[in-house]
Amino acid sequence: MSKNDGPIKTEFSKMLEIDYPIIAGPMFLVSNEDLVSAVSNNGAIGGAPSLNWRTTELFKAAVQKIKTQTKKPFVVNLIVNKVNPRVDADLDICIEEKVPMVITSLGNPKTIIEKVHSYGGKVFCDVTDMKYAQKVQDLGCDGVIAVCSGAGGHAGPISPLVLVPYLKTKIKVPVVLAGGIATGRQILAGLVLGADAVQIGTRFIATKEAGVSAEYKKAIIDANPEDIVLTKRISGTPAAVIKTQYIEKTGLELGFVEKLLLKNSTTKKYMKLFRAVVGQKALEKAAQTTTWKNVWSAGQGVGLIDEVLPASTVVKNLIHEYWEAKNGI
Ligand SMILES: Cc1cc2nc3c(=O)[nH]c(=O)nc-3n(C[C@H](O)[C@H](O)[C@H](O)COP(=O)(O)O)c2cc1C
């Protein structure tokens, strides 16, 4: 490491006591113990959704394994809505194991904020607009993740060039930019916009550690930003995926009957659950096995990724590129 690859100090990195304000974003089916600990051991902070483990007991074992593999902070993502019946049990594990940072998606994070704060953990909440960001700020979260257009997973609709500075006009807690970042130069751009950190997902799919098939990793390398489309067929809300033959065949919209059932107040809840289960199954199958039904979630950053690397090298490259850009080399 040269002098130029030193720590990047922001409010976020100081709050978490880490060297680099970079979160390896929690990714359904992708993040595992090895990816999380490799990222955290290299000065950034690794994350995983609790639902990546099939039961709360397996999630607990995974957290314990991560703690044996790294002494540095790491992140767990909890999905806070009715589609996730495990949220309370998984939160209890976060409390028991004193998980250093929790990221919440959807729902009302009030209880999570209170309980995680009780042991000194930090809570950041996924947001895509000002209204929800203000709500979670008022509830006492430690920061927000600005999920922007171009992101993998459930991308927000607003460009990072706008969402970050816009949030900064009213949001006083740290803002983390998520969406499209795959290089150190972009991290610098994010910090210039006012972000206190970045959250990176897609770049970490093309790592040695990521728990997905070689085909999925190759698809990340082969894909261009033009290949990323938003489909409602996974969860009912737009999710970014690579436009494979299967995606082209099935289309991006829900069927007429499904749309109707989602509008009806009695059937809405069940349809959401049904869509989530069907979508998850398709993702699961495509992530780990060879199938023609390829549903591979990824963001527009695919255009800047051309190699599968160990996660430690990805972090080192990001830092090196950041300092090169910063020093105008
Ligand atoms: C395959 C995949 C799965 C994801 N799963 C989750 C998840 O379970 N929970 C979550 O909060 N974010 C999830 N995300 C979003 C990431 O944590 C991160 O915010 C996003 O990937 C950032 O955009 P980028 O992919 O352009 O770097 C997922 C993203 C991808 C690509």
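Colleague: Hey, could you go over the site of the ligand for me, with residue numbers and the actual values?
Modeller: In the region of the ligand, 24 residues are neighbours, and Pro 26, Asn 77, Gly 180, Gly 201 and Thr 202 sit closest. Note that an oxygen atom of the ligand is positioned 2.8 Å from one of the side-chain N or O atoms of Gln 199. When isolated, the ligand has an accessible area of 600 Å², and the protein chains bury 92% of it.

Colleague: Please provide a residue-by-residue account of the sheet that holds strand β2 (residues 45-49), values included.
Modeller: One closed barrel accounts for 8 strands, arranged β1-β2-β3-β4-β5-β6-β7-β8; its pairing is parallel. This sheet shows a mean twist of 25° between the axes of neighbouring strands, independent of strand direction. Pairing of strand β7 (residues 175-178) with strand β8 (residues 197-200) involves 3 bridges; the strand directions are parallel. Directly across from Ala 178, in β8, lies its bridge partner Gln 199. The sheet strands contacting helix α2 (residues 33-41) are β1 (22-24) and β2, and the helix crosses β2 at an angle near 160°.

Colleague: Which residues make up the packing of helix α4 (residues 87-96) against helix α5 (residues 110-118), and what are the values?
Modeller: Relative orientation of the contacting elements α4 and α5 amounts to 20°, with a least axis distance of 10 Å. One element, α4, and the other, α5, form an angle in the roughly parallel class. In terms of crossing hand, the pair formed by α4 and α5 is right-handed. Listed contacts from α5 to Val 87, Leu 91 and Ile 95 of α4 are Ile 112, Lys 115 and Val 116. In the contact of α4 with α5, the residues fall into 5 nonpolar, no polar and 1 charged.

What counts, and at which threshold
Residues numbered from 1 in each chain as written. Predicted model: local features only at pLDDT ≥ 70, side-chain atom pairs only at ≥ 80, totals over all residues. Heavy atoms only, no water. Near = heavy atom within 4 Å. Polar contact = N/O pair within 3.5 Å; in protein donor to acceptor, adjacent residues only side chain to side chain. Areas by Shrake-Rupley, 256 points an atom, 1.4 Å probe, with all protein chains shown as cover. Pairing = 2+ DSSP bridges. Helix = DSSP H or I, 4+ residues; strand = E, 2+ residues; numbered from the N terminus. Axes fitted to C-alpha atoms, helices over the stretch in contact; angles between N-to-C directions. Contact = heavy atoms within 4.5 Å. Parallel < 35°, antiparallel > 145°, perpendicular 65-115°, else oblique. Left-handed = near helix turned anticlockwise from the far one by under 90°. Nonpolar A, V, L, I, M, F, W, Y, C, P; charged D, E, K, R; others polar.

Nothing here speaks to function; it is all geometry.
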